[in-house]
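# Overview (structure and organization)
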Amino acid sequence: AITDIDHPTIPWAQSVNRTQILIALRNGKIPRKPRDAAGVPSMSLDDIWTKYCPMYSRKKLPSRLGALRKIVDIELTATGFKEPNKWKNSVACKLLERDIRNGYVPVDNPDSSDWETIYLMRPEYAAYNDAKFKERLQQLRLRAKQDTNRALDDEAAFDAFIISHPISYFSHKGYEQWQGSKAQLSVWKDLQENKHMTMKKKDWYGSRRE
């Protein structure tokens, strides 16, 4: 049944459906021109609505499709796909990198065959060339794995250093180390009793042997 009501929870601008139509316009599955040279509609609006966005208003489709066609016309210039700014500095790139590191996007998929599913995850990705997304995804996955391996190597090196260098309880001048000392514990106790508010620094310093 044809509906004039939009999806109840996901706005059109953030929807997977909008991104799918953008991709279809870019690769020619939906014609970039609404009519052919003879003035005949190049593809039925009902067909587009049924295939790509049946959860959204059919009445609003012409204006939304027109807006997306204008976006693609701007993107696909004579010199190629025109992106809003450099990918490596973009919000989209940072979001993808964060999703990989947080585990929302699996880091292990050597050929990135899941790139299309991931491309649809966030509306921010839609402004960037889907033809380059797979390669960009692979690069970020590789960087995340390298960083993880480097962190593990650093942790192993630190553990080896700790084993080889026992903790020193005295400084090179023979004073007891402050961290974990009785003096430090005494200061914490005095702070809890607000002695720093009622005593001068010199008097406070001389109030304990520690």
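Structure shown above.
Residues numbered from 1 in each chain as written. Predicted model: local features only at pLDDT ≥ 70, side-chain atom pairs only at ≥ 80, totals over all residues. Heavy atoms only, no water.

## Concerning a nonpolar patch on the surface
Quick reminder of the rule: Patches in this entry comprise residues that are over 30% relatively accessible and not in a salt bridge; like charges within 9 Å are linked, as are nonpolar side chains (Val, Leu, Ile, Met, Phe, Trp, Tyr) within 5 Å. Surface exposure here means Shrake-Rupley accessible area, sampled with a 1.4 Å probe, where a residue is shielded only by the protein chains that are shown. In what follows, salt bridge is the name for a side-chain nitrogen of Lys or Arg lying within 4 Å of a carboxyl oxygen of Asp or Glu. Numbering of helices and strands runs from the N terminus, with a helix taken as a DSSP run of H or I at least four residues long and a strand as a DSSP run of E at least two residues long. Relative accessibility decides the category of a residue: with a 1.4 Å probe and only protein chains considered, values under 20% of the type maximum give buried, values over 50% give exposed, and everything between is partly exposed.
The grouping of Phe158, Phe161 and Ile162 at the surface amounts to a nonpolar patch, some 320 Å² of accessible area in total. Among the secondary structure elements, Phe158 is positioned in helix H6 (residues 130-164). Taking the relative accessible area as the measure of exposure, Phe158 reaches 52% and is therefore exposed.

## Structural notes on the side chain of Asp190
Going by this rule: We call two residues in contact when some of their heavy atoms are within 4.5 Å.
With respect to the helices and strands, Asp190 occurs in helix H7 (residues 182-192). For Asp190, a relative accessible area of 2% translates into the label buried. The contact partners of Asp190, leaving out residues within four places of it in the chain, are Lys195, His196, Trp204 and Arg208.

## What about the pattern of salt bridges?
Pairs may arise between side chains of opposite charge once their charged atoms sit close together. On inspection of all chains with the given rule, the structure shows 14 salt bridges. A salt bridge links Arg58 to Asp46, with the shortest nitrogen-to-oxygen separation between them at 2.7 Å. With Arg58 in the loop between helix H2 (45-52) and helix H3 (61-75) and Asp46 in helix H2, this residue pair connects regions lying 12 residues apart in the sequence. With a relative accessible area of 35%, Asp46 lands in the partly exposed category. Bridged by salt links that share partners, the residues Glu97, Arg101, Arg143, Asp147 and Arg150 form one connected network.

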